[in-house]
Amino acid sequence: MASIVLRNLRKLYADGRVAVKDFSLDVRDGEFVVFVGPSGCGKSTTLRMIAGLEEISGGTLEIDGKVVNDLAPKQRDIAMVFQNYALYPHMSVRENMAFALKLAGRGKAEIDRRVLEAARMLQLEPLLERKPAALSGGERQRVALGRAIVREPKLFLMDEPLSNLDAKLRVEMRASIGRLHDRLGVTTIYVTHDQVEAMTMGDRIVVMKDGEIQQIAAPIELYEFPLNKFVGGFIGSPAMSFLPARWEAGAFNGRGFALALAPAQRERWKLCEHQDVWLGLRPETLRLVDKDTPATHGRLHGTAEVVEPLGAETILTLAIGAEDRVVARIAGHLRLRAGASVELGLDPEKLHVFDRASELNLGRVAA
């Protein structure tokens, strides 16, 4: 296992493009850290710099207290799992898993032991003599994981390893990787653009945008206390909705709505007086209300635009005025047609407020 320290890491390409800017992070021994963000945000580039597959333009990378900027990949004692599996098609599962150990000059008895142990962990024993062409996508990914495990490295690096799998297999493989990490305890850095993967797998999550870190935190902290509008909108499914508003006379006033809050909440948001803000509303914090719902709760009036029944819940898109939309996740099957008038209530304790100019979360100041 290994601890990793990245200090002011930077990647600059020959054409002048800066892919990673001033990236600093401490990864604890045995920790599972996830890099997440949209395509092109620099997460895979950062991972490849850690692996030694990309040259570091600036800053330092330490593994177990040793600066490794100039070390070749094979000298860093890491194992990497890629999106495309990278299996040798002419080799059996057993041969694919054993290949790196043979190159390293390990003895046959040790190779056989390690391959069999990894195969048992990953339930690959019945498949050891098959070729990759005879395997499903999920089985191929397990072989790629097995090939990394047999090396017994200090560090696992995983670059979107589940993105080629269907939804059901992704869920199964997420659980498998989580169990493997619990069992092996190897420091792991995992890259994904899927925030559901990030939330369910990581001890900590690094949210990136345009080559820069936006926030580093545990999953629940990212969800409940996003530092800025980008993190708030990226973490959560369905995504957080945003309404432009201004706090005046004890209410958030927007285009086609006025959101009055209870006295305790009015006191909290006094700092926003005459300030342009974004209201951030998580779909699961909204609910259908009627005239009997206490008036102290915030309310939004609008028109049902899209109704998506999912069985156990319904996803409702509400049009508020001509320009704004809010998405709500309502429990159960909602018998509602598009065009119907709808009133939604929100829990004011769950309201997120972001400064319109800086996009910083003002609630972290007001709390």
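Right, let's walk through the structure included here. Source: prediction; values computed, not measured. (Residues numbered from 1 in each chain as written. Predicted model: local features only at pLDDT ≥ 70, side-chain atom pairs only at ≥ 80, totals over all residues. Heavy atoms only, no water.)

### Describing the overall build of the protein
Piece 1. When helices and strands are tallied, the protein shows 10 helices and 20 strands.
Piece 2. Taking the principal axes of its C-alpha atoms as reference, the protein extends roughly 75 × 45 × 35 Å.
Piece 3. Sequence-distant contacts in the protein: of pairs separated by 6 or more residues, those separated by 24 or more amount to 67%.
Piece 4. For the protein, the computed accessible surface area is about 17100 Å², with 50% contributed by carbon and sulfur atoms.
Piece 5. In the protein, the 49 positive side-chain charges and the 48 negative ones have mean positions that sit 4 Å from each other. (Helix = DSSP H or I, 4+ residues; strand = E, 2+ residues; numbered from the N terminus. Contact = heavy atoms within 4.5 Å. Areas by Shrake-Rupley, 256 points an atom, 1.4 Å probe, with all protein chains shown as cover. Lys, Arg positive; Asp, Glu negative; His and termini not counted. Charge placed at Lys NZ, Arg CZ, Asp CG, Glu CD.)

### Let's talk about the sheet that holds strand E2 (residues 18-27)
Piece 1. What the 4 strands build is an open sheet, ordered E2-E1-E4-E5; its pairing is antiparallel. A single partner strand is all that each edge strand has here, and the edge strands are E2 and strand E5 (66-67).
Piece 2. As defined by bridge partners, strand E1 (residues 4-12) adjoins strand E4 (residues 58-63) across 5 bridges and the pair is classed as antiparallel. Within the sheet, the bridge partner assigned to Ile 4 lies in E4 and is Ile 63.
Piece 3. Sheet strands in contact with helix H1 (residues 43-51) are E1, E2 and E4, and its direction is about 115° off that of E1. (Pairing = 2+ DSSP bridges. Axes fitted to C-alpha atoms, helices over the stretch in contact; angles between N-to-C directions.)

### Some words on the environment of Ala 167
Piece 1. For Ala 167, the location among the structural elements is in helix H5 (residues 167-184).
Piece 2. By relative accessible area, which is 47% here, Ala 167 ends up partly exposed.
Piece 3. Separated by 59 residues in sequence, Ala 167 and Lys 108 have C-alpha atoms that sit 38 Å apart. (Buried < 20%, exposed > 50% of the residue type's maximum accessible area, 1.4 Å probe, protein only.)

### A few points about the side chain of Arg 76
Piece 1. Tracing the backbone through its elements, the reader meets Arg 76 in the loop between E5 and strand E6 (78-81).
Piece 2. As a buried residue without a salt bridge, Arg 76 has its nearest oppositely charged side chain in Asp 70, at a separation of 6.9 Å.
Piece 3. Among the polar contacts made by the side chain of Arg 76, one reaches the main-chain carbonyl oxygen of Leu 71 at a distance of 2.9 Å.
Piece 4. Sequence-distant contacts of Arg 76, defined by excluding residues within four places in its chain, comprise Met 49, Ile 50, Ala 51, Gly 52, Leu 61, Ile 63, Val 68, Asn 69 and Leu 71. (Salt bridge = Lys/Arg side-chain N within 4 Å of Asp/Glu carboxyl O. Polar contact = N/O pair within 3.5 Å; in protein donor to acceptor, adjacent residues only side chain to side chain.)

### Here's the deal with the pattern of salt bridges
Piece 1. By the definition in use, this model includes 20 salt bridges.
Piece 2. Residues Arg 48 and Glu 54 are paired through a salt bridge, measuring 3.7 Å at the closest nitrogen-oxygen approach.
Piece 3. With relative accessibility at 29%, the residue Arg 48 sits in the partly exposed group.
Piece 4. The class for Glu 54 is buried, based on a relative accessible area of 18%.
Piece 5. Close ionic contact of Glu 129 with Arg 94 constitutes a salt bridge, the shortest N to O distance being 2.7 Å. Here Glu 129, found in the loop between helix H3 (108-121) and helix H4 (137-149), pairs with Arg 94, found in helix H2 (residues 93-103); they are 35 residues apart in sequence, far enough to count as distant.
Piece 6. Under the relative-accessibility criterion, Glu 129 is labelled exposed at 54%.
Piece 7. Judged by relative accessible area, Arg 94 falls into the partly exposed class, the value being 31%.
Piece 8. The network of salt bridges with shared partners includes Lys 11, Arg 48 and Glu 54.

### With respect to the pairing of strand E9 (residues 204-209)
Piece 1. Counting buried positions along E9 gives 5 out of 6 residues, so the element sits mostly inside the fold.
Piece 2. Connecting E9 to the antiparallel partner strand E10 (residues 212-217) that follows it, the hairpin turn spans 2 residues, and Asp 210 within it adopts a positive phi of roughly 50°.

### Re the packing of H2 against H4
Piece 1. Packing of H2 against H4 leaves a shortest axis separation of 8 Å and a crossing angle of 30°. Compared by their axis directions, H2 and H4 come out roughly parallel. The element H2 and its partner H4 pack so that their crossing is right-handed. Where H2 approaches H4, its residues Val 93, Asn 96 and Met 97 are matched on the opposing element by Val 143, Gly 146 and Arg 147.
Piece 2. Taken together, the residues of the contact of H2 with H4 sort by class into 3 nonpolar, 2 polar and 1 charged. (Parallel < 35°, antiparallel > 145°, perpendicular 65-115°, else oblique. Left-handed = near helix turned anticlockwise from the far one by under 90°. Nonpolar A, V, L, I, M, F, W, Y, C, P; charged D, E, K, R; others polar.)

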